[in-house]
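# Chains, contacts and geometry: an overview
These are the residues of each chain, in order.
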Amino acid sequence: EDGRIHLCLACRTAQRAEEARELVLQEHPAAQVSTVEVDLGNLASVLRAARELRCRFQRLDFVYLNAGIMPNPHVNFGALWKGLLARRLLHVLTTAEGIMTQTDRLNGDGLQEVFATNLFGHFILIRQLESLLCSNEKPSRLIWTSSSNARESAFSLSDYQHAKGQESYSSSKYATDLTSVVLNRKFNKQGLYSSVVCPGLVMSNMTYRILPFFLWKLLMPIMWLLRFFAKTYTLTPYNGAEAHVWLFKQKPEYLDALVKYHSCTSGLGKNYVEPRKMDVDEETAEKFYQKLLELEEQTLERYGDLLD
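Report follows, based on the coordinates. It should be emphasised that the depicted structure is a prediction, and the values quoted were computed from it without experimental measurement.

Attention shifts here to the overall build of the protein chain. Along the backbone of the protein chain there are 12 helices and nine strands. The globule rule puts the C-alpha radius of gyration for 308 residues at 19 Å, and the 19 Å found for the protein chain is close to it. Principal-axis analysis of the C-alpha atoms places the extent of the protein chain at approximately 55 × 45 × 40 Å. Total accessible area on the protein chain stands at roughly 16,100 Å², and carbon and sulfur atoms take up 53% of it. If you average the places of the 35 positive and of the 35 negative side-chain charges in the protein chain, the two averages end up 5 Å apart.

As a further point, take the nonpolar core. In terms of nonpolar packing, the biggest core is built from 51 residues, with Phe115, Phe120, Ile124, Leu129, Leu133, Leu142 and Phe288 touching the most fellow members. Per element, the largest residue contribution to this core is eight residues, and it comes from helix H5 (residues 113–128). With residues near it in sequence (within four places) discarded, Ile124 still touches Leu43, Val46, Leu47, Glu296 and Leu300. Within the second largest apolar cluster, 12 residues are counted, among which are Met220, Met223, Ala230 and Leu235.

What follows concerns a nonpolar patch on the surface. A cluster of nonpolar side chains, Ile5, Leu7, Tyr64 and Phe248, forms an exposed patch at the surface whose accessible area comes to about 320 Å². Counting through the fold element by element, Phe248 comes out in helix H11 (residues 242–248).

Let us look at the packing of helix H7 (residues 168–187) against helix H12 (residues 282–299). In the contact formed by H7 and H12, the axes pass within 8 Å of each other and the chain directions differ by 90°. On the basis of the axis angle, H7 is roughly perpendicular to H12. Side by side, H7 and H12 meet where Ala175, Leu178, Thr179, Val181, Val182, Leu183, Arg185, Lys186 and Phe187 of the first sit next to Glu282, Thr284, Ala285, Glu286, Phe288, Tyr289, Gln290 and Leu292 of the second. Looking at the contact of H7 with H12, its residues break down into 10 nonpolar, three polar and four charged.

This part is about H12. Between its first and last C-alpha atoms H12 spans 26 Å; for 18 residues at 1.5 Å apiece the expected length is 26 Å, and the two agree. All buried positions along H12 are accounted for by Ala285, Phe288, Tyr289, Leu292, Leu295, Glu296 and Thr299. Down the axis of H12, the buried set is contained in an arc of 125°. They therefore lie on one face. For H12, the exposed residues set more than 90 degrees away from the buried face come down to Glu283, Glu297 and Gln298. Against helix H2 (43–56), H5 and H7 lie the buried residues of H12.

Right, let's get into the sheet that holds strand S7 (residues 192–198). Taken together, the five strands give an open sheet; going across it, the order is S3-S6-S7-S8-S9, and neighbouring strands pair in mixed fashion. Among the strands making up the open sheet, the edge pair consists of strand S3 (62–65) and strand S9 (271–277). Neighbour to neighbour, the strand axes of the sheet diverge by 25° on average, direction disregarded. Here strand S6 (residues 140–145) pairs with S7 via six bridges, running parallel.

Another point: the packing of aromatic side chains. In total, this model carries 10 aromatic pairs according to the counting rule given. With centroids separated by 6.4 Å and ring planes inclined at 15°, the aromatic side chains of Phe62 and Tyr64 adopt a geometry described as stacked. Judged by its relative accessible area of 34%, Tyr64 falls in the partly exposed class. The rings of Phe115, Phe120, Phe123, Phe155, Tyr160, Tyr174, Phe288 and Tyr289 are connected pair by pair, giving a single aromatic cluster.

Further remarks concern the pairing of strand S1 (residues 6–11). Bridge count for S1 against strand S2 (residues 32–37) is six bridges, and the pairing is parallel. Each residue of the ladder has a partner; that of Cys8, found in S2, is Ser34.

All right, on to the pairing of S9 then. As defined by bridge partners, strand S8 (residues 259–265) adjoins S9 across seven bridges and the pair is classed as antiparallel. Paired with Val259 across the strands is Lys277, a residue of S9. Counting the residues in the hairpin turn of S8 and S9 gives five residues, including Gly269, whose phi is positive at 95°.

The rules behind each value
Residues numbered from 1 in each chain as written. Predicted model: local features only at pLDDT ≥ 70, side-chain atom pairs only at ≥ 80, totals over all residues. Heavy atoms only, no water. Helix = DSSP H or I, 4+ residues; strand = E, 2+ residues; numbered from the N terminus. Rg over C-alpha atoms; globule rule 2.2 N^0.38 Å. Areas by Shrake-Rupley, 256 points an atom, 1.4 Å probe, with all protein chains shown as cover. Lys, Arg positive; Asp, Glu negative; His and termini not counted. Charge placed at Lys NZ, Arg CZ, Asp CG, Glu CD. Core = buried A, V, L, I, M, F, W, Y, C linked by side-chain atoms within 4.5 Å. Buried < 20%, exposed > 50% of the residue type's maximum accessible area, 1.4 Å probe, protein only. Contact = heavy atoms within 4.5 Å. Patch = residues over 30% accessible without salt bridge, like charges linked within 9 Å, V, L, I, M, F, W, Y side chains within 5 Å. Salt bridge = Lys/Arg side-chain N within 4 Å of Asp/Glu carboxyl O. Axes fitted to C-alpha atoms, helices over the stretch in contact; angles between N-to-C directions. Parallel < 35°, antiparallel > 145°, perpendicular 65-115°, else oblique. Nonpolar A, V, L, I, M, F, W, Y, C, P; charged D, E, K, R; others polar. Expected span 1.5 Å × (residues − 1). Arc of directions from axis to C-beta. Pairing = 2+ DSSP bridges. Phe/Tyr/Trp six-rings, centres within 6.5 Å; stacked < 30°, edge-to-face > 60°.

Listed below in structure tokens is the structure:
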């Protein structure tokens, strides 16, 4: 909508990237839209994409860090029933606390797949793009997609890749919150600001894998009714993007680095943004950041040909 904006869609699959580009151009034929192929769960792919972006652009104003996976999700119906009996059903349904588990695995880089895709690939991308993000006349922005499922109880500094647990998604999203907090402490003076978003409960291909499709068909009328009580039931991707778009219009120096911005939708369908304080410990964030730097050094040794 603004001719000065150049939008670069970073996607894992080139064909889907091109399809998304064509959809944008149908609505805005004069828009500047390009694509870059990147698999955030593959370090070589991340490094190649970063090198390509450094060749194409002199600066980046916004980077939306949105890639995420939730492999083999399982619902604990017993925990759901206990939540109902304890009158915590609304809390459980809006955060999935204690009712959802995942089965993780190692990827080709020897990292836990969820940690690598949801967090570490983004971290490496940022590190490789620092020259386009820092020390510019105008501030640059990082906007992470986190979750209301991000919980401290699922995260451990001693097992930050979550190799021993069954809540890898929740752990990776809490790690996202920690990373955003410490990036602000490290880089605000260089003109780089980081924010965290929760899109709410969006019905996406990821969500539909949690339960059989026919169950979702039965539940959808109930979920539309629940939105009168659970404002984070945004349900559609359009509604879920409310906080992402809202942050685009804000001056970053006035935002709270310890706040997560939630996309919300009222029972009558009105979209709005609600800021909520994050439950993060800044000392833990600093320690985790140091662990990320150590892991970066260890894992990038094999990719010398892709580094400047």
